[in-house]
Amino acid sequence: MIFMALMACGVAAFAADPLVEKSDDVLSDAGRKKLHSRLDEAIDKLTADIERSPKTFDLYSRRGDQRFFRGQFTEAIQDYEKLVELRPDTEVSHWRRGIAYFYAERYKDAIGQ
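Just so it is clear, the model here is predicted, and its values are computed rather than measured.

### Re the packing of aromatic side chains
Piece 1. On inspection of all chains with the given rule, the structure shows six aromatic pairs.
Piece 2. A cation over an aromatic ring shows up here: Arg 87 above the ring of Phe 57, its NZ or CZ 4.3 Å from the ring centre.

### Observations concerning helix α4 (residues 73-86)
Piece 1. For α4, with 14 residues, the first-to-last C-alpha span of 20 Å sits near the 20 Å given by 1.5 Å per residue.
Piece 2. Taken as a whole, α4 has its buried residues at Ala 76, Ile 77, Asp 79, Tyr 80, Leu 83 and Val 84. Viewed end-on, α4 has its buried residues packed into an arc of 165 degrees, placing them on one side of the element.

### A short note on unusual backbone geometry
Piece 1. The phi dihedral of Glu 105 falls on the positive side, at around 60 degrees, and the residue is not glycine.
Piece 2. Note that Glu 105 resides in the loop between α5 (95-103) and α6 (107-112).

Conventions we followed
- The residue numbers shown here count from 1 along each chain, following its written sequence.
- This being a predicted model, a pLDDT of at least 70 is required before a residue's local features are given, and a value of 80 or more before pairs of side-chain atoms are given or counted; all residues contribute to the totals for chains, interfaces and linings.
- To get the side-chain values, take all heavy atoms of the structure and skip hydrogens and water.
- Note on ring pairs: Phe, Tyr and Trp rings are taken, using the six-membered ring of Trp, and paired if centres are within 6.5 Å. Classes follow the plane angle, with under 30 degrees stacked, over 60 edge-to-face and the rest tilted.
- Charge over a ring is defined by NZ of Lys or CZ of Arg lying within 6 Å of the ring centre and within 35 degrees of the ring normal.
- Each helix is a run of H or I in the DSSP string that is no shorter than four residues. Each strand is a run of E no shorter than two, and both are numbered from the N terminus.
- One less than the residue count of a helix, multiplied by 1.5 Å, gives the span that helix is expected to have.
- The cut-offs for exposure are 20% and 50% of the maximum accessible area for each residue type, with area from a 1.4 Å probe on protein chains only; residues under the lower value are buried, those over the upper are exposed, and the others partly exposed.
- The arc in question is the one spanned by the directions pointing from the helix axis to the C-beta atoms.

Next up, the structure:
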């Protein structure tokens, strides 16, 4: 629930941006491109941060979330699996990975999570 609220807030922040064009509360093509561009920039920055600090749990978590928002579910799963590798105590409780499994059509993994 908290993750879904954070996701909604993150998307709402982009959508509330006066530079992001909307039509009838739906992102226009230009607004969607701007949102995708911002997510891509965040992913690129986090990738550079990971290259400098490859054992930093939080960076994989954040990049996984950005990739999830971008619709890159397989890549999000890779980040979530890496953070579980770095912090095995999160294996059972990492429900975001379960949601990403679902969207990547890995239904058995989603159920197992």
